[in-house]
Every structure is written in structure tokens, then in C-alpha cells.
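Residue-level structure breakdown
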Amino acid sequence: CMTHRPRCIFFKIVFLALPNHAGGTLISACHIVTAAHCVADPSKPIGAVFVNAYRPYIENGDVPFHFSEVREVTRHGAFNMTTNENDIALIEMDQCLNVTEFPPAVPANPSTDIPSGLMVDILGFGKLSEEGNMFFNVESLQMAVVPVIPRESCMQYYGTKIKIDMFCGGFA
């Protein structure tokens, strides 16, 4: 999907123009959900958002994208930067988009358990390895498919950093 048909998934992905770069997911014609830690520093406001841009600031090929400035950013009231609990924020775009051209993601039911071993897609612009540079070391959106790891295994590695509303994915 990544190399041959980039349109198939990217309409739900949003690039946030921040000094350290971040991403989000389109959830309505006007709203993007992202991690609160990405928008926690008021001295580094989001310059703009690019919906469907798998190569922001660079030629995006024939793939259409939507550009908008940000009207408002709302972080979860109980977000904790130290523990990453409630690490979620909502971004309202200044210019809403056409959901026929850019359909939003449909959030999963929050009461649904995520079974161990389920293969999930992960996407991002960040690190390509555990040793990689923490900030924006790739110019194109990357994707991988990884299994959900059993909670017990995840907690052996991360300990108390993994809270009840978190899950892990990857390879041991």
C-alpha cells in the first residue's frame, strides 16, 4: 500500500507542522486527534496541518492533500507529561475539508479489548529504530505492521510506565 498506492490509507493521516514534527488522525471534517505530548509546549505552536500529505513540504506526487491553519488545540484536562497518561489532544482546523474526498477514521469502540497477537498498522515520521534520531529523521510517512504484545510482556520491559489504558505493539 505504501509504495504502490499511497492514497489507500493516507487520507486519515495528518502531518502537524511543529518544530519537532508530529502526526495525527483525521476524525471529522474539522478535527484531528493527536498525542497531547506533541502539542504540550505553548512556545511551539502548530504552524499548520497537512491532511493526506505523505511527504509534507516535498513533492506529494499526484496525491491530493488538504492544508489548513489551526483554529484551536485542546489537550485532555488530566494529561500528565511525566507518565503519558491521558496523552490525547483535539485539534480544530481553521478550514474544514470535504469528507467525501478525505474520509475520516472511524474510532474503535473504547470498550473493545485489543487481543494479543492482533496485527496492527503503525505509521509515523519519526524513529526508524530504537537507536534512531528522536526527531523527524525521515522525509516520507513510514508504515509497519506489528503484533499487539501481551500486557505482561510489555510491563516486563516498560514496568509501571504502561497504564491501564495503554497497549504495546512490536517484536521482542
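The text that follows walks through the structure, step by step, so that each part is easy to find. (Residues numbered from 1 in each chain as written. Predicted model: local features only at pLDDT ≥ 70, side-chain atom pairs only at ≥ 80, totals over all residues. Heavy atoms only, no water.)

All right, on to the overall build of the protein chain then. When helices and strands are counted, the protein chain shows two helices and ten strands. The order of α-helices and β-strands along the protein chain, N terminus first, is α-β-β-β-β-β-β-β-β-β-α-β. Sorting the 172 residues of the protein chain into buried and exposed places 29% on the buried side. When contacts within the protein chain are restricted to residue pairs at least 6 apart in sequence, those whose partners lie at least 24 apart make up 60%. Approximately 10,600 Å² of the protein chain is accessible, and the part contributed by carbon and sulfur atoms is 56%. (Helix = DSSP H or I, 4+ residues; strand = E, 2+ residues; numbered from the N terminus. Buried < 20%, exposed > 50% of the residue type's maximum accessible area, 1.4 Å probe, protein only. Contact = heavy atoms within 4.5 Å. Areas by Shrake-Rupley, 256 points an atom, 1.4 Å probe, with all protein chains shown as cover.)

On to the nonpolar core. Counting 13 residues, the largest nonpolar core has Leu 26, Ile 32, Val 51, Met 93 and Leu 97 as its most contacted members. Broken down by secondary-structure element, the contributors of at least two residues to this core are β4 (49-51) and β7 (89-93). No other element matches β7, which puts three residues into this core. (Core = buried A, V, L, I, M, F, W, Y, C linked by side-chain atoms within 4.5 Å.)

With that settled, consider the pairing of β7. The side-chain alternation of β7 yields one buried face, formed by Ala 89, Ile 91 and Met 93, and one unburied face, formed by Leu 90 and Glu 92. In this structure, strand β3 (residues 31-34) lies alongside β7, joined through four bridges in antiparallel fashion. The residue of β7 that forms the bridge with Ile 32 is Ile 91. (Pairing = 2+ DSSP bridges.)

Turning next to a nonpolar patch on the surface. There is a patch of nonpolar side chains on the surface, built from Ile 114, Leu 118 and Phe 167 and spanning about 270 Å² of accessible area. Along the polypeptide, Ile 114 turns up in the loop between β7 and β8 (119-124). Assessed through its relative accessible area of 40%, Ile 114 is described here as partly exposed. (Patch = residues over 30% accessible without salt bridge, like charges linked within 9 Å, V, L, I, M, F, W, Y side chains within 5 Å. Salt bridge = Lys/Arg side-chain N within 4 Å of Asp/Glu carboxyl O.)

Inspection of the secondary structure assignment puts Ser 68 in strand β5 (residues 66-68). A residue is classified by how much of its surface remains accessible, and Ser 68, at 0% relative accessible area, is buried. Of the polar contacts made by the side chain of Ser 68, one reaches the backbone nitrogen of Asp 94; its length is 3.2 Å. Of note is the side chain of Ser 68, whose polar atom sits 2.9 Å from the backbone nitrogen of Gln 95. Non-local contacts of Ser 68, meaning those with residues more than four positions away in its chain, are made with Ala 48, Val 49, Met 93, Asp 94 and Gln 95. (Polar contact = N/O pair within 3.5 Å; in protein donor to acceptor, adjacent residues only side chain to side chain.)

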